[in-house]
Amino acid sequence: DQQVKQNSPSLSVQEGRISILNCDYTNSMFDYFLWYKKYPAEGPTFLISISSIKDKNEDGRFTVFLNKSAKHLSLHIVPSQPGDSAVYFCAADYGGSNYKLTFGKGTLLTVNP
Amino acid sequence: DVKVTQSSRYLVKRTGEKVFLECVQDMDHENMFWYRQDPGLGLRLIYFSYDVKMKEKGDIPEGYSVSREKKERFSLILESASTNQTSMYLCASRGGYFGYTFGSGTRLTVV
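In this report, we go over the structure that sits alongside the text. (Residues numbered from 1 in each chain as written. Chains lettered and ligands numbered in written order. Predicted model: local features only at pLDDT ≥ 70, side-chain atom pairs only at ≥ 80, totals over all residues. Heavy atoms only, no water.)

**Regarding the pattern of salt bridges**
It is possible for side chains bearing opposite charge to pair when their charged atoms get close.
Then comes step 1: A complete count under the given rule lists 11 salt bridges over all chains for this structure.
Then comes step 2: In this structure, K18 of chain B engages E79 of chain B in a salt bridge whose closest nitrogen and oxygen atoms are separated by 3.7 Å. You can see K18 of chain B sitting in the loop between β2 (10–13) and β3 (19–21) and its partner E79 of chain B sitting in the loop between β9 (73–78) and β10 (87–94), a full 61 residues away along the chain.
Then comes step 3: Bridged by salt links that share partners, the residues K37, R61 and D84 of chain A form one connected network. (Salt bridge = Lys/Arg side-chain N within 4 Å of Asp/Glu carboxyl O. Helix = DSSP H or I, 4+ residues; strand = E, 2+ residues; numbered from the N terminus.)

**Quick word on the state of the cysteines**
Residues and elements named next belong to chain B.
Then comes step 1: Taken as a whole and judged by the stated rule, the model has 2 disulfides over all chains.
Then comes step 2: Bridging C23 to C91, the disulfide has an S-S length of 1.9 Å. As the torsion about the S-S bond is roughly -75 degrees, the C23-C91 disulfide counts as left-handed. On the criterion of sequence distance, the pair formed by C23 in strand β4 (residues 23–25) and C91 in strand β10 is long-range, its members being 68 residues apart. No difference in accessibility class separates C23 from C91, as the two residues are buried. (Disulfide = S-S within 2.5 Å. Buried < 20%, exposed > 50% of the residue type's maximum accessible area, 1.4 Å probe, protein only.)

**Topic: the side chain of N27 of chain A**
Residue and element names in this part refer to chain A.
Then comes step 1: Turning to its location among the elements, N27 is positioned in the loop between β3 (19–25) and β4 (32–38).
Then comes step 2: Residue N27 is classed as buried on the basis of its relative accessible area, which comes to 16%.
Then comes step 3: A distance of 2.9 Å separates a polar atom in the side chain of N27 from the backbone nitrogen of M29.
Then comes step 4: Excluding residues that lie within four positions of it along the chain, N27 makes contacts with Q3 and Y94. (Polar contact = N/O pair within 3.5 Å; in protein donor to acceptor, adjacent residues only side chain to side chain. Contact = heavy atoms within 4.5 Å.)

These figures capture arrangement, not role.
Written as structure tokens, this is what we have:
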């Protein structure tokens, strides 16, 4: 039972355009969401997060949108750069999780020069 | 910044060997985790620990054990390595409501 789903295994965009990575969740108890970025042969690094009391959080080129009614969040990268090429994991958390994050399976983003 | 250090970046072991993967964090975090990452399967939780000498099974604990004798160190043990344990292993720690800090990962190949 996958509680966090990233339905697109891969996404390819041109440099300078917008990248939109999507994530859906099923557990209505989730109240905190995070995005991690992972390069090959490295550990994931934290990118951006959002609490369920907000519907948008922005950090430079990265913006996360949360639609609680649809149980959907998305990560927007504008403008996309070749260095953004990586696997992006969506993760979710709630108060009773024992500090365990629930991850999606990831989306491989390729930004073409 | 929290630092999570995994002792080896790359390991090659033989089938049947006992393998130890070490992870150390330097920020006094209570919670530590071991994941493996495989293509198409994402990050799968093997074991986690919320205190010294405490451990909990994750989603795929079979063939693995863990040890947490000190707060800063969380070890993953492959009792008898098999080829299907060839993977990228990731350690993470977490000290509060904020997310994980991951180590750099260990790419283990079992031959």
